[in-house]
Amino acid sequence: MKGDVKITPHKEGVVLISGYAKLPANITSEEIYHTAVVVVLVDMQMGTIVKAEYSAVTNVAKDFVSNLLVGYNLNDGMDTLIDRFNRTYFGQAKKAIITSLKMIYSKYEDLLNNDRT
């Protein structure tokens, strides 16, 4: 499985970036977690998400989101990734996940800009 990539914390160029957003009321995930949290490991040299995790109640949802993210190159921007979610994910947390991903992308861009200065 793509999400089973072993990344050591000291691997050069790999960073952890997280994003979060409020979940809609009255869904199971909201009752347990209150917020959607997406965490990714990004190879900063390539811009590729090498591992991803999502705070969902079911393993199916966790795996689905992870599989959509792993291998995606953040250098390609967010439009393609958001389109991918809009075409394939029909869970109640869609908006919260997309907001989390936008936060991750913003942090990624900040990291790139800091490296260039």
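Preceding block: the structure.
Figured I'd write up the structure that's included with this text. (Residues numbered from 1 in each chain as written. Predicted model: local features only at pLDDT ≥ 70, side-chain atom pairs only at ≥ 80, totals over all residues. Heavy atoms only, no water.)

1. What to know about the side chain of Asn73
Going by this rule: The way it works is that DSSP assigns letters per residue, a run of H or I at least four long becomes a helix, a run of E at least two long becomes a strand, and they are numbered from the N terminus. Under the rule applied, a polar contact is a pair of N or O atoms within 3.5 Å (in protein, one hydrogen donor and one hydrogen acceptor; residues adjacent in sequence only if both atoms are side-chain atoms). Contacts are residue-level and defined by heavy atoms, with any inter-residue pair within 4.5 Å sufficient.
Tracing the sequence through the fold places Asn73 in the loop between helix H2 (59-69) and helix H3 (79-88). Within the local environment of Asn73, its side chain forms a polar contact with the backbone oxygen of Met46, the two atoms lying 2.9 Å apart. Leaving out residues up to four positions away in the same chain, Asn73 has contacts with Met46, Gly47 and Thr48.

2. Here we look at the nonpolar core
Heads up, the condition is: The term nonpolar core refers to a set of buried residues drawn from Ala, Val, Leu, Ile, Met, Phe, Trp, Tyr and Cys, joined through side-chain atoms within 4.5 Å. Here the term buried applies to any residue with accessible area under 20% of the maximum for its type, exposed to any over 50%, and partly exposed to those in between, with areas from a 1.4 Å probe on protein chains only.
Formed by 33 residues in total, the largest nonpolar core has its most connected members in Val40, Tyr54, Leu69, Phe85, Ile97 and Leu101. When contributions to this core are tallied by element, the ones reaching two or more residues are strand S1 (14-22), strand S2 (35-43), strand S3 (48-54), H2, H3 and helix H4 (94-116). When residues in this core are grouped by element, the largest group, eight residues, is from H4. For Phe85, the contacting residues outside a window of four places in its chain are Val65, Leu68, Leu69, Lys94, Ile97, Ile98 and Leu101.

3. Quick look at H3
Put simply, the rule is: Working definition: the arc comes from the directions between the helix axis and the C-beta atoms, pointing outward to the latter.
For H3, every residue scored as buried is listed here: Leu81, Ile82 and Phe85. Across the axial projection of H3, the buried residues extend over an arc of 100°, all falling on one side. Opposite the packed face of H3, turned more than 90 degrees from it, sit the exposed residues Asp79 and Arg87.

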